Amino acid sequence: MKIDVVTLFPGWFAWFLEQRHVRNAEARGHRLEVIDLRATTPLQGGRVDDTPYGGGAGMVIRVDVVEAALAERYRCDPLELPEQRRVVALAPAGRPFDDALASELADAPELTLLCGRYEGFDERVHERLSSDVVSVGPYVLSGGELAAMVVCDAVLRKLPGALGHAESATEESFSAALEGAPEYPHYTRPATWRGTDVPEVLLSGDHGAVRRWRLERSRARAPRLP
Ligand code: SAM
């Protein structure tokens, strides 16, 4: 899989690119590249934004600036891109990012993430240059960089070999293996801690009973999100 992140702050990703599961994914031929939106701006002095039509506070990232970055990167008319690859603009008002969408994106061979700043993108970036508009939650971050890392992290750990144990990513909260439910609780040593014991069944050695208990606890757990 090839992931491109388009951002005004490429430096934010230096730490992320060093993390183990990202490097594991890269060692298996997957790619995560960071593209500086400012590097290809057609505007004087490296400008990328302008004042909003209709007035109001803040600045808006121009559609022609995003167009130039995509044209340079993909050597095509960017209007054609949403038909060819997933181009995800990150925005608070977008489709909520969840495990199903992470799986969907992990199945795509190529993915572009557009990180906004300031008041966000000109709406035509969403409408004409993106295949998806995605939100990582109903709150406002200062920029799309952390949102892009959330998406990359959740997508990359679904790629075969990105995690140490192949099974770690298949049976997790919200996965199909758990019918979309949150994961069951985990315990490790000590078996008794300050008067609280690990559930007896987990010490029984009865794998069938452990499995039944885990599925039951998974179904019974309240979802963490409304
Ligand atoms: N004016 C926008 C609004 O009220 O919806 C907020 C813009 S925010 C300060 C700047 C950028 O951060 C957005 O363009 C987007 O790329 C990113 N961002 C902020 N919150 C986000 C969220 N919850 N999910 C995805 N991206 C987010």
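Everything numeric in this text was worked out from a predicted model, so none of it was measured. (Residues numbered from 1 in each chain as written. Predicted model: local features only at pLDDT ≥ 70, side-chain atom pairs only at ≥ 80, totals over all residues. Heavy atoms only, no water.)

1. Re the site of the ligand
Right, so step 1: Contacts to the ligand come from 19 residues, most closely from Leu90, Gly116, Gly137, Tyr139 and Leu141.
Right, so step 2: Contacts to the ligand include Gly116, whose backbone N or O atom sits 2.9 Å from an oxygen atom.
Right, so step 3: One nitrogen or oxygen atom from the main chain of Gly144 is found 3.4 Å from an oxygen atom belonging to the ligand.
Right, so step 4: Bound to the protein, the ligand loses 82% of the 580 Å² it would expose on its own.
Right, so step 5: According to the grid-proximity analysis, the pocket containing the ligand is the second largest pocket.
Right, so step 6: Listed by contribution, the elements that provide at least two residues to the shell around the ligand are strand E5 (86-96), strand E7 (132-135) and helix H7 (144-156).
Right, so step 7: Its residues placed into classes, the shell around the ligand shows 10 nonpolar, 7 polar and 2 charged. (Near = heavy atom within 4 Å. Polar contact = N/O pair within 3.5 Å; in protein donor to acceptor, adjacent residues only side chain to side chain. Areas by Shrake-Rupley, 256 points an atom, 1.4 Å probe, with all protein chains shown as cover. 1 Å grid on protein atoms, 1.4 Å probe; cavity = no way out; pocket = protein on both sides within 12 Å on 5 of 7 lines; lining within 4 Å. Sits in = over half its atoms within 2 Å of the grid points. Helix = DSSP H or I, 4+ residues; strand = E, 2+ residues; numbered from the N terminus. Nonpolar A, V, L, I, M, F, W, Y, C, P; charged D, E, K, R; others polar.)

2. Quick notes on the state of the cysteines
A covalent bond between the sulfur atoms of two cysteines is what we call a disulfide.
Right, so step 1: In this structure the tally under the stated criterion is 0 disulfides.
Right, so step 2: In this model Cys152 remains outside any disulfide bridge; the closest cysteine sulfur is found in Cys115, 8.2 Å from its own.
Right, so step 3: A relative accessible area of 1% places Cys152 in the buried class. (Disulfide = S-S within 2.5 Å. Buried < 20%, exposed > 50% of the residue type's maximum accessible area, 1.4 Å probe, protein only.)

3. Re the environment of Ala102
Right, so step 1: Residue placement: Ala102 occurs in helix H5 (residues 99-106).
Right, so step 2: By relative accessible area, which is 2% here, Ala102 ends up buried.
Right, so step 3: Separated by 54 residues in sequence, Ala102 and Leu156 place their C-alpha atoms 8.9 Å apart.
Right, so step 4: Not counting residues up to four positions away in its chain, the partners in contact with Ala102 are Phe97, Ala154, Val155 and Lys158. (Contact = heavy atoms within 4.5 Å.)

4. Here's the deal with the side chain of His30
Right, so step 1: One can find His30 in the loop between helix H2 (20-27) and strand E2 (31-36).
Right, so step 2: Reaching out from His30, the side chain makes a polar contact with the backbone nitrogen of Met1 at a distance of 2.7 Å.
Right, so step 3: In this structure, His30 is in contact with Met1, Ala25 and Leu159, ignoring residues within four places of it in sequence.

Read these as spatial facts, not as claims about activity.
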